[in-house]
Amino acid sequence: MEQGQCGCSALYHHKSRKQDTMGIGTLKNNGVLTETAEQKAEMLNNQFTSVFTTENTTNMPSKGNSPFKPMKDIKISEKVSKKH
């Protein structure tokens, strides 16, 4: 059987158009399908940021003094991070 007879070529073409290089499939927003990686990134970013709120931090309550000693500054260097 030739490739065109079984429909394999058409199926491969459809599947290759359905995902971008990062493996994110087609997304739908308000009934509209995304077509580009930029549209997918924007849609996912909008969804991600929609679950966070912006709080008013001008009148935060005090938690009082900590019973623990302050931590020393942590210094991270490229040399240290490559060891692990």
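The structure displayed is predicted, hence computed values, not measured ones. (Residues numbered from 1 in each chain as written. Predicted model: local features only at pLDDT ≥ 70, side-chain atom pairs only at ≥ 80, totals over all residues. Heavy atoms only, no water.)

1. Thoughts on the overall build of the protein chain
To keep things clear, this is the line we draw: The numbering of helices and of strands both runs from the N terminus, where a helix is a DSSP run of H or I of at least 4 residues and a strand a run of E of at least 2. Burial classes follow relative accessibility: with a 1.4 Å probe on protein chains only, a residue under 20% of its type's maximum area counts as buried, one over 50% as exposed, and anything between as partly exposed. Each accessible area is a Shrake-Rupley result for a 1.4 Å probe, and residues are judged covered by the shown protein chains and nothing else.
Within the protein chain, the regular secondary structure consists of four helices and two strands. Ordering the α and β elements of the protein chain from the N terminus gives α-α-β-β-α-α. Scored against the burial criterion, the 84 residues of the protein chain give a buried share of 6%. When the accessible surface of the protein chain is totalled, it reaches about 8800 Å², and 54% of it is carbon and sulfur.

2. Looking at unusual backbone geometry
Despite not being glycine, Asn30 shows a phi value in the positive range, around 55 degrees. Take Asn30: it is sitting in the loop between β1 (28–29) and β2 (32–33). Given a relative accessible area of 75%, Asn30 falls into the exposed group.

3. Here's the deal with the confidence of the model for the protein chain
Going by this rule: A residue's pLDDT is the predictor's confidence in that residue, given on a scale from 0 to 100.
Looking at the protein chain, pLDDT values average 77 and 68% of them are 70 or higher. When mean pLDDT is taken per element in the protein chain, helix α3 (residues 37–49) scores highest with 91 and helix α1 (residues 3–6) scores lowest with 50.

4. Observations regarding a nonpolar patch on the surface
For clarity, the threshold we go by: To count toward a patch, a residue needs a relative accessible area over 30% and no salt bridge; like charges are then connected within 9 Å, while nonpolar side chains (Val, Leu, Ile, Met, Phe, Trp, Tyr) are connected within 5 Å. In what follows, salt bridge is the name for a side-chain nitrogen of Lys or Arg lying within 4 Å of a carboxyl oxygen of Asp or Glu.
The grouping of Phe48, Val51 and Phe52 at the surface amounts to a nonpolar patch, some 350 Å² of accessible area in total. Here Val51 lies in the loop between α3 and α4 (78–83).

5. A look at the side chain of Thr34
Let me state the cut-off plainly: Contacts were defined at the residue level, with two residues in contact if any of their heavy atoms lie within 4.5 Å.
Assignment of secondary structure puts Thr34 in the loop between β2 and α3. For Thr34, a relative accessible area of 8% translates into the label buried. With residues up to four places along the chain from it excluded, the contact list for Thr34 reads Thr26, Leu27, Gln39, Lys40 and Met43.

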